[in-house]
Amino acid sequence: MSIAPVAVQPIPRGTLAGRVGKRALDWVPALVVLVLVLVVWQESIAVFHIKKFLAPQPTAIASTFWTNRHELISAGWFTFQEALGGFAIGCGLALVVALVLARWRGVGRALMPYMIAANAIPIIAFAPIMNAWFDPFSKFSKMAIAAVLCFFPVLVNTLRGLTSVRPQSIELMQSYAAGEIETFRRVRIPTALPFIFTSLKIATVLAMIGAIVGEYFGGAFTALGVLIDSRSTTFQFKEAWAGIAVACAYGIAFYLAVALLERLTLRGMPSTGD
Amino acid sequence: MATIAAEPLAERRRAAFVRSAAARVGMLLLVLAVLWGFWEGYRWLWIREGWTWPFVVDSTTMPHIHDILQALFRRPTSGTGDILLVQLLHATWFTAKEALVGFALGATFGFLLGVGLSQWRLLQRGLLPYVVASQTVPILAVAPIVVIYLGSLHVAPWFSVAVIASYLTFFPVTINTLRGLQSTDRRALELMRSYAAGPISVLWKLRIPAALPYIFSALKVSATASIVGAIIGEAPSSIQDGLGGFIVNFNQYYSLNPENLWATNLIAALLGIAFFLVIVGAEAIVVRRAPEHVA
Amino acid sequence: MSVVTIEGVTKTFDGGTTALEGIELAIEEREFVSLIGPSGCGKSTLLRIIGDLIRPTAGTVRVNGKPAAQARADRDYGIVFQDAVLYDWRTIARNISLPLELARWNRRRRGERVQEMLRLVELSGFESHYPWQLSGGMQQRVSIARALSFDPALLLMDEPFGALDEMTRERLNLELLRIWEASGSTIVFVTHSITEAVFLSTRVVVMSPRPGRISDVIEIDLPQPRTAATREEPRFFELVTRVREALHLGSDHDRDLTAPRTAEAPS
């Protein structure tokens, strides 16, 4: 294709302040939306006489949070540890199994439909069973739920990434007499990284869901899910909403941490969304 | 001029289908047998050796598979009522309806949102972070509030659960629709420009059809998410008729009758897989693409 | 009135590369004009400027007596790329009818025209096939059929046969000449291949790079209609040599290579 080549020049970098400033500007619309939503929420509770227990005003939630901040934050941390542990176990196992199945591709190809089907099982139904297997008051029972929730999506996506290499790339490695391990290191794994990070980001959300749902079926009193549930049933809705806000905060932080890791690892490679 | 042999599409597909059907059924039976064997084997070994890691194995924590299957044909409440299987099928139908409605709502909303975000950059910058953040809200905690609130607007509880299901459904569809619409081939866009096609024509005739594989990929995930959402929505809302209600119920009496909960899970799993397969079938009909050439 | 008039066209891209400088060219009705030159001479850019897919930095382009943008809006030309760019989710018939749908033709008219086009490129019977069931050469024929479906006065082609093997290429060259004859259109054809340019064209425009310029225009006076035998005539070889020399003259790179060698022992 003989398109007139644009002279290859370094991408204009500009000053650090300039780049940070541009990045910050990207977030302005989101901030505007946030402020708008909060204002509308605050006002419409009063205007439409929505019962305060359903959706307390943001200011009420904020002050309740501040009053109970120690309890809420430590409860959130407790639950977050469950999610993080489950995330680590589930994703770690999934990556290992994916590597093995990509190495022995025959087995992988044969099992792929079953793994995709397993991914389709609403595993959330197993939460109560995990509480029966492991001490419901220990963190491990919730970690198990989170791990199971993370396992299949990460496995399916990683395997897909590892095996979606163009045949020419493999042939090239073969022409260099590169062994399987080399091929994995230099071709398959880099190809799979965008897929892996996409599934990891999804897994952060799944791990949190798993931990909190698990707590609903029985968990330590110091756990956030238990806290939210007990406040709800005793009609302390401001506290319940404060707890929900904390859960969101931990979830978003978790997601952003992985997204940051992705950006650092995949400099220049295409990512998905945020 | 030598004509490259290109058989009509329908004939080729039929032949391939017949060939692989037998192989697939055989594979399925093999996998099920292996799983059954693994379960019973693990159980036998752990009980024999008295190992307690990672968890104690006995009839409560790991009932025999044949016990679980038998439980389906017994009456859960002694004497009266239908056998468990029939009750579960009713519950499945109840939950499936919620999930289906939720799926339809969520997928439609997700698709439209994805299209909107792809067309207006400002909207994308403003809303995308919240679309992502929306999934961090613990649905389980919010579910009873949604049910009560919509109930005060005289909305039936099952519809409230459908709304909750749609909440989990819309997200993957939005993200993948956006990604699919943004990854249209540059050359194809140039071609449309040469036809002086307006932005709506480009969207309808090029971008959306090209994005269908992405969208269906998301729909497969969403199918499961809608069922998860329905079950999670039912559980804390004291809705007895669906699978969520049964799970909560059997969880309370787990130590007495562990098989019931396992049987419920089995049915829930089948529901999830069935829904997934429906989407796969729809994809095969709607999405005609070249077979992938990958290693 | 010329079909295409290019006056003083210059194109600089961001970053400072001058892809084209001071291009002057007029193309008459029913001509077959090839643009040939080494990489970076701007031939594809020029083609896209004619098609209003890229705007020139300076100069004017008129197609069919109108500004290029108007000609595009009026769908006065069809374009064929090196990649057939067929839509995987449409049958061959629906791929060909795409521009007709956009031009709001009714279904019956579209159906008739699609059949006509398939006959023209000798692919009747493949209406219900999908692009990936066809070979590369067949896909390109579909792409040509699609470009001609709405009877444009002008056909722009950007190395359409570049991805095909030599035998298919030579066959499709003859095909293209037959189609050109039958449709009566004007063709602007970008190519890398000297023999292809000479075989197909009535005129060959030789371009040189850095900056992109027209360095020579060579009339091809081979008799029409051209056949496979034309490739073996002495006049063909003469013209090929003329074009090759014009290319070497225009290219800096080759100018350095043809510089006299310093002391090197002859073998």
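Residues numbered from 1 in each chain as written. Chains lettered and ligands numbered in written order. Predicted model: local features only at pLDDT ≥ 70, side-chain atom pairs only at ≥ 80, totals over all residues. Heavy atoms only, no water.

1. A look at helix α6 (residues 136-148) of chain C
Rules: What counts as a helix is a DSSP run of H or I of at least four residues, what counts as a strand is a run of E of at least two, and both are numbered from the N terminus. Residue count minus one, scaled by 1.5 Å, sets the expected span of a helix. Three labels apply to residues, based on accessible area from a 1.4 Å probe with only protein chains included: buried if under 20% of the type maximum, exposed if over 50%, partly exposed otherwise in between.
Counted at 1.5 Å a residue, the expected span for α6(C) with its 13 residues is 18 Å, and the 19 Å between its end C-alpha atoms agrees. Those residues of α6(C) that fall on the buried side of the exposure criterion are C:Gly137, C:Met138, C:Gln140, C:Arg141, C:Val142, C:Ser143, C:Ile144, C:Ala145, C:Arg146, C:Ala147 and C:Leu148.

2. Digging into the sheet that holds strand β5 (residues 66-67) of chain C
All names here are of chain C. The test is simple: One requirement defines pairing of two strands: DSSP has to find at least two bridges between them. Contacts between residues were defined by any pair of non-hydrogen atoms, one from each residue, lying within 4.5 Å. All axes here are fitted lines through C-alpha atoms, helices being fitted over the stretch that makes contact, and every angle between N-to-C directions spans 0 to 180 degrees.
Here four strands make up an open sheet; going across it, the order is β2-β1-β4-β5 and the pairing antiparallel. The open sheet is flanked by β2 (18-27) and β5, the only strands paired with a single partner. For strand β4 (residues 58-63) and β5, the ladder comprises two bridges, and the chain directions are antiparallel. Directly across from Val63, in β5, lies its bridge partner Lys66. Its contacts with the sheet place helix α1 (residues 43-50) against β1 (4-12), β2 and β4, and it is angled at close to 120° to β1.

3. So, the interface of chain C and chain B
Basically, it comes down to this: Note on terms: buried area is the combined drop in 1.4 Å-probe accessible area of two parts once they are placed together, counting the loss on both. Salt bridge, as applied in this entry: a Lys or Arg side-chain nitrogen positioned within 4 Å of an Asp or Glu carboxyl oxygen.
Facing 32 residues of chain C, the contacting portion of chain B comprises 28 residues. Note on chain C versus chain B: buried area summed over both sides is about 2,900 Å², and carbon and sulfur give 64% of it. For the chain C face of the interface with chain B, the top three residues by lost area are C:Trp89, C:Leu102 and C:Trp132, together amounting to 22%. Across the contact surface, chain C and chain B share two salt bridges.

4. Details of the environment of A:Arg109
Within the secondary structure layout, A:Arg109 lies in helix α5 (residues 105-119). Taking C-alpha positions, A:Arg109 is 9.6 Å from A:Thr163, a pair spaced 54 residues apart along the chain.

5. Things to note about the sheet that holds strand β3 (residues 32-36) of chain C
All names here are of chain C. Across the sheet, which stays open at both edges, the six strands sit in the order β6-β7-β8-β3-β9-β10 with mixed pairing between neighbours. Sheet topology places β6 (77-80) and β10 (213-219) at the edges, where each strand pairs with a single neighbour. Strand-to-strand twist of the sheet, defined as the mean angle between neighbouring strand axes without regard to direction, takes the value 15°. The pairing of β3 with strand β8 (residues 186-191) spans five bridges and is parallel. Note that in β8 the partner of Val33 across the bridge is Val188. Against the sheet, α1 touches β3, β7 (154-158), β8 and β9 (203-208), its axis set at about 150° to β7. Strands β6 and β7 of the sheet are contacted by α6, whose axis makes an angle of about 165° with β6.

6. Quick notes on the confidence of the model for chain B
Worth spelling out the cut-off: Every residue is assigned a pLDDT by the predictor, reflecting its confidence on a scale from 0 to 100.
Here chain B shows a mean pLDDT of 85. Residues at 70 or above account for 94%. The spread of mean pLDDT over the elements of chain B runs between helix α5 (residues 139-152) of chain B, the lowest at 81, and helix α3 (residues 84-119) of chain B, the highest at 93.

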